[in-house]
Amino acid sequence: MARNPRSMTVAGAAILCVSSVALAQSGRTPPEASQAHAAAVVAFDKEGVKADKPYRIAYLTECVDNPYCVTRLNGIKDAVKKFGLELKVFDAQWSLINQQKAVQNAVNQGFDGYIFGPLAAQPSCALWKSTLKPTDKPVVTVTVPMCGDADYTPGLAATFTMQGAVHYQELVDHAFASCKEKCKAAAIGGFIGSDLQNYWETAVKNAAKKYPNVEVVVEEAANFDPRIAFQKTQDALTAHPDITVIVSNWDDMTRGIEQGVTTSGKKPGEDVRIYSAGANKDTIKKIKSGSISASIALLPYEEGYYATVALLMGILGKPVEGYVDEADLPEITSKTKTTLITAENVDNYTAKY
């Protein structure tokens, strides 16, 4: 789920908390542009033509230590196999210091292109500008934007994301809209000061203004950790037993929230409606059973797979040079038509992690 809605080491969290996200200094990519970029990448993939030689690509990742990161890597590996590429993985282990070393090491080895997972908007941007950009090799970024741009940073071969302000806003708006009468809500997020947490807090704030029926009585950071989320939920329901809505920005953390609701003597989905982000296999089952009300779909496999396709396009001189909202990829457009997975459309969605 950098900044990701996934597990992060304490050291990684401390580094990220030093950096606050620079939100949208430039305009957001119009939906029709993202759709066109997605269509171009999907069309290239369908052609299935192998590269004219085994180009070497480096994957400069934040992580390989949790289901999201593993699934994204699997997508990259499948694309590498399909197109006859060679891959080397450089894992930063959630550390900006490690990321700097990994990028420098990769550049010294002279790859034909790079898939880059920024750890934090500004430090990772500086690293791209100082080290990756001077290589004149294509770079595709994944998961979150950087450099203060709303989504795409000019000069990149492409950017793929599904964890930004727009996606969180859709989730929280949907949750708060469920309050037809006055209700109290709790918001459980990730790491304070991280890029995603700033997106998350902004989404909660905007939704509270939009839906005056909702009073947000608890806002807590649980570091994407289900154990912390469990305790935060118990504390919230002890202080405010009339909470009826809880929003979370990562499914794994939501496991702890659901347990916290249950051990507080309430029934998830009935006494307390829970809304999450990830739409992983466990959450899909719970949406079907009714204990989770909705979850925003995240697509780590498609993120990795199509980022690799876009990188090859850049290597071959056909760069996308733009932003792809992963909601415009076939996994969504040909199935649910929306990233918001609910009881109404859950049977049309298949989680891959």
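In this text, all values refer to a predicted model and were calculated from it rather than measured experimentally.

Here the focus is the overall build of the chain. Secondary structure summary: the chain contains twelve helices and twelve strands in total. Its C-alpha radius of gyration of 20 Å places the chain within 12% of the 20 Å reference for a compact globule of 353 residues. Along the longest, intermediate and shortest principal axes, the C-alpha atoms of the chain span 60 × 40 × 35 Å. Within the span of the chain, comprising 353 residues, buried residues form 58% of the whole. Approximately 13700 Å² of the chain is accessible, and the part contributed by carbon and sulfur atoms is 51%. The chain carries 36 positive and 39 negative side-chain charges, and their two centres are separated by 3 Å.

This part takes up the sheet that holds strand β10 (residues 294-297). As summarised here, the arrangement of the six strands in space is β7-β6-β8-β9-β10-β12, forming an open sheet in which the pairing is mixed. Of all the strands in the sheet, just β7 (214-221) and β12 (340-342) have a single pairing partner and so form its edges. Shown here is a sheet whose adjacent strand axes are inclined to one another by a mean of 20 degrees, direction ignored. Sheet analysis places β10 next to β12, joined by three bridges and oriented antiparallel. In the sheet register, S295 faces β12, and the bridge partner there is I341. The sheet contacts of helix α7 (residues 195-210) involve β6 (183-189), β7 and β8 (243-248), and relative to β6 the element is tilted by about 170 degrees.

This next bit is on the sheet that holds strand β5 (residues 158-161). Sheet architecture is open: six strands sit in the order β2-β1-β3-β4-β5-β11, paired in parallel fashion. The sheet terminates laterally at β2 (86-91) and β11 (323-325), the two strands that pair on one side only. For this sheet, the mean inter-axis angle between neighbouring strands, taken without regard to orientation, is 15 degrees. Sitting on the sheet, helix α5 (residues 121-132) is in contact with β1 (56-61), β3 (113-116) and β4 (139-143), with an inclination near 175 degrees to β3. Against the sheet, helix α11 (residues 300-315) makes contact with β1, β3, β4 and β5, and its axis sits at roughly 165 degrees relative to β4, the strand it touches most.

This paragraph deals with the confidence of the model for the chain. Residues at a pLDDT of 70 or more form 93% of the chain, whose mean pLDDT is 91. Here residues 1-26 scores under 50 on pLDDT; set against residues more than four positions off or in separate chains, the count is 97 contacts.

By the definition in use, this model includes three disulfides. Bridging C63 to C69, the disulfide has an S-S length of 1.8 Å. Every disulfide takes its handedness from the sign of the S-S torsion; for C63 and C69 that torsion is -75 degrees, giving left-handed. Each sulfur in the disulfide pair C179 and C183 lies 1.9 Å from the other. Note on the C179 and C183 pair: the S-S dihedral is about 85 degrees, so by sign convention the disulfide is right-handed. Note on C179: relative accessible area 7%, which makes it buried. Looking at C183, the relative accessible area reads 11%, which means it is buried.

For the rest of this paragraph, the subject is helix α3 (residues 67-83). Compared with an ideal rise of 1.5 Å per residue, which puts 17 residues at 24 Å, α3 spans 25 Å between its outermost C-alpha atoms and is within 8% of the ideal. What α3 keeps buried is the set Y68, C69, T71, R72, L73, G75, I76, A79, V80 and F83. Close packing links the buried residues of α3 with α2 (31-47), β1, β2, β3, β4 and α11. For α3, the N-terminal capping position is held by N66, with its side-chain oxygen 3.1 Å away from the main-chain nitrogen of Y68. After α3 finishes, the residue G84 shows a positive phi value of roughly 70 degrees.

Rules behind the numbers
- Residues numbered from 1 in each chain as written.
- Predicted model: local features only at pLDDT ≥ 70, side-chain atom pairs only at ≥ 80, totals over all residues.
- Heavy atoms only, no water.
- Helix = DSSP H or I, 4+ residues; strand = E, 2+ residues; numbered from the N terminus.
- Rg over C-alpha atoms; globule rule 2.2 N^0.38 Å.
- Buried < 20%, exposed > 50% of the residue type's maximum accessible area, 1.4 Å probe, protein only.
- Areas by Shrake-Rupley, 256 points an atom, 1.4 Å probe, with all protein chains shown as cover.
- Lys, Arg positive; Asp, Glu negative; His and termini not counted.
- Charge placed at Lys NZ, Arg CZ, Asp CG, Glu CD.
- Pairing = 2+ DSSP bridges.
- Axes fitted to C-alpha atoms, helices over the stretch in contact; angles between N-to-C directions.
- Contact = heavy atoms within 4.5 Å.
- pLDDT = per-residue confidence, 0-100.
- Disulfide = S-S within 2.5 Å.
- Expected span 1.5 Å × (residues − 1).
- Polar contact = N/O pair within 3.5 Å; in protein donor to acceptor, adjacent residues only side chain to side chain.

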